[in-house]
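Now for the letters of each chain:
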Amino acid sequence: MLARLLRGSLLVAGLTAALFGMAHAETIKVGATGGPHAEILEQVAKLAAKDGLEIKIVEFDDYQLPNAALVNGDLDANSFQHQPFLDAQVKDRGYPLISIAKTVIFPIGLYSKKIKSITELKDGDKVAIPNDPSNGGRVLLLLQDKGLLKLRPDAGVKASPLDIVENPKKLKIVELPAAQLPRSLDDVTVAAINGNYAMEIGLKPDRDALVLESPESPYANVIAVRTAEKDKPVFARLVKYYQSPEVKAFIKERFGAAALPAF
């Protein structure tokens, strides 16, 4: 009789644990651009899986797609953009999105196959920059910081080529989608390439960039979600795994100075 009761108790306990596990288990889709963002999320997903959270990573090759996919409900969150880019998309497109955590900083750099120093730029040389407002303005500010051009004082982070008021070398600014900039290196003198795309083609930003953005850059990347869902418990779990000591150690070991934890 005692053995039967014990077996019954164990069965109830097992069923309770299984039901708890089923209730605790969740699946979310998180969008990211291919390369470092996706690599980091793979480490996050490994940690989350141990705690019953399945993270399905959806990769994109264009900066304009992950936010649209999030707004449309094809994703639950995304991790690919810095805060100024998100702010611009929210303002310009009315996206109901919000950031819930900082992730990493990928310093943007100027790269070239034709010159070894930014001082070798000649009159009329072509300089390729991202065609999205926040990253394009980010590069123009970097060029201004290096004395290559001057912008209107009120241009700010959304500066465009139209805001250039002084261009002593008459540099030709070529605007391209960020993902295409690595492929432009054969056609322009200098290309400004985001750190994640630079690493995808084997460039090491801290070694190969002619000019590299300061680590104190305000362009920290973020995890974004739909504003109405920002307080869902699952996103607190996602942030916990991302900002864990294990993921921070992976970022430092895998990317060195090319990717800096922003948490």
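Residues numbered from 1 in each chain as written. Predicted model: local features only at pLDDT ≥ 70, side-chain atom pairs only at ≥ 80, totals over all residues. Heavy atoms only, no water.

J.: For this particular structure, what's the right way to read the overall build of the protein chain?
T.: Across its full length, the protein chain carries 9 helices and 14 strands. Overall size of the protein chain, expressed as C-alpha extent along the three principal axes, is 95 × 35 × 25 Å. Taken across its 263 residues, the protein chain has 45% of its residues classed as buried. If you sum the accessible surface of the protein chain, you get close to 13100 Å²; carbon and sulfur atoms cover 55% of it. For the protein chain, the distance from the average position of its 33 positive side-chain charges to the average position of its 32 negative side-chain charges is 3 Å. (Helix = DSSP H or I, 4+ residues; strand = E, 2+ residues; numbered from the N terminus. Buried < 20%, exposed > 50% of the residue type's maximum accessible area, 1.4 Å probe, protein only. Areas by Shrake-Rupley, 256 points an atom, 1.4 Å probe, with all protein chains shown as cover. Lys, Arg positive; Asp, Glu negative; His and termini not counted. Charge placed at Lys NZ, Arg CZ, Asp CG, Glu CD.)

J.: What should I look at first to understand the sheet that holds strand E6 (residues 109-111) in this one?
T.: In sheet architecture, strand pairing relies on hydrogen bonds along the backbone and comes in two forms, parallel and antiparallel. Pairing within the open sheet is mixed, and its 5 strands lie in the order E10-E7-E11-E6-E12. The open sheet has two free edges, formed respectively by strand E10 (172-176) and strand E12 (211-212), since each of these has just one partner strand. Direction of pairing for E6 relative to strand E11 (residues 190-193): antiparallel, over a ladder of 3 bridges. What sits directly across from glycine 109, in E11, is isoleucine 193. This element, helix H5 (residues 133-145), spans E6, strand E7 (126-130), E10, E11 and E12 of the sheet and lies at about 140 degrees to E7. (Pairing = 2+ DSSP bridges. Contact = heavy atoms within 4.5 Å. Axes fitted to C-alpha atoms, helices over the stretch in contact; angles between N-to-C directions.)

J.: What's the story with the packing of helix H2 (residues 36-49) against helix H9 (residues 245-255) in this structure? I'm lost.
T.: The angle between the axes and the distance between the axes are what describe a pair of packed helices. Where H2 contacts H9, the axes come no closer than 10 Å and their chain directions differ by 145 degrees. Pair H2 / H9 crosses with right-handed handedness. Contacts between H2 and H9 involve Pro36, Glu39, Ile40, Gln43, Val44 and Leu47 from the first element and Glu246, Val247, Phe250, Ile251, Arg254 and Phe255 from the second. Residue classes in the contact of H2 with H9 are distributed as 8 nonpolar, 1 polar and 3 charged. (Left-handed = near helix turned anticlockwise from the far one by under 90°. Nonpolar A, V, L, I, M, F, W, Y, C, P; charged D, E, K, R; others polar.)

J.: Explain the pairing of strand E1 (residues 26-33) to me, please; I cannot follow it from the model alone.
T.: A regular strand places its side chains on the two faces of the sheet in alternate fashion. As judged from the 8 bridges shared by E1 and strand E2 (residues 53-60), these two strands associate in the parallel manner. Among the inter-strand pairings, threonine 33 is bridged to a residue of E2, identified as phenylalanine 60. Crossover connection from E1 via H2 to parallel E2: handedness right-handed. Examined bridge by bridge, E1 and strand E3 (residues 77-82) share 2 bridges and lie parallel to one another. Residue pairing for E3: glycine 31 is matched across the bridge by asparagine 78. (Right-handed = clockwise from strand over helix to strand, strands pointing away.)

J.: Sorry if this is basic, but what is going on with empty space enclosed by the protein here?
T.: Where empty space is left can be seen by rolling a probe of water-molecule size over the atoms. The full count for this structure, using the stated rule, is 1 cavity of 30 Å³ or more. In terms of lining, the largest cavity is formed by 13 residues, of which the most central are Tyr63, Phe80, His82, Asn194 and Asn221. Within the residue set of the lining of the largest cavity, elements represented by two or more residues are E3 and H5. Broken down by element, the lining of the largest cavity gets its largest block of residues, 3 residues, from E3. Looking at the lining of the largest cavity residue by residue, the class counts come to 5 nonpolar, 7 polar and 1 charged. (1 Å grid on protein atoms, 1.4 Å probe; cavity = no way out; pocket = protein on both sides within 12 Å on 5 of 7 lines; lining within 4 Å. Points joined across faces, edges and corners; volume = space filled by probe spheres on them.)

J.: Hey, could you run me through unusual backbone geometry in this one?
T.: Backbone geometry follows two general trends: most residues other than glycine have a negative phi, and most peptide bonds adopt the trans configuration. Positioned with a positive phi, lysine 170 is a non-glycine residue whose angle comes to about 50 degrees. According to the relative accessible area criterion, lysine 170 is exposed, its value standing at 59%.

J.: How should I be thinking about the side chain of asparagine 78 in this particular structure?
T.: Note that asparagine 78 resides in strand E3. Only 3.0 Å separates the side chain of asparagine 78 from the side chain of asparagine 67, close enough to count as a polar contact. Setting aside anything within four residues of it in sequence, one finds asparagine 78 in contact with Val30, Gly31, Pro66, Asn67, Leu70, Val222, Ile223 and Ala224. (Polar contact = N/O pair within 3.5 Å; in protein donor to acceptor, adjacent residues only side chain to side chain.)

J.: Would you explain the pattern of salt bridges in this entry?
T.: Opposite charge on two side chains allows them to pair when their charged atoms are near. Summed over the entire model, instances satisfying the criterion amount to 12 salt bridges. Aspartate 186 is the salt-bridge partner of lysine 113, the closest N and O atoms lying 3.0 Å from each other. Pair noted here: lysine 113 is in the loop between E6 and E7 and aspartate 186 is in the loop between E10 and E11, with a separation of 73 residues, a long-range link. By relative accessible area, lysine 113 is classed as exposed at 57%. For lysine 230, the salt bridge goes to aspartate 231, with nearest N and O atoms at 3.4 Å. Look at lysine 230 and you get partly exposed, because its relative accessible area is 36%. (Salt bridge = Lys/Arg side-chain N within 4 Å of Asp/Glu carboxyl O.)

J.: Would you mind showing me how to read the nonpolar core here?
T.: Most often, soluble globular proteins have nonpolar side chains that are buried together. One finds Ile40, Val44, Ile55, Leu238, Tyr242 and Ile251 to be the most contacted residues of the largest nonpolar core, which totals 30 residues. Those elements that provide at least two residues to this core are E1, H2, E2, strand E13 (221-226), helix H8 (233-242) and H9. Core analysis: the second largest hydrophobic core is formed by 21 residues, Ile115, Leu148, Leu149 and Leu151 among them. (Core = buried A, V, L, I, M, F, W, Y, C linked by side-chain atoms within 4.5 Å.)

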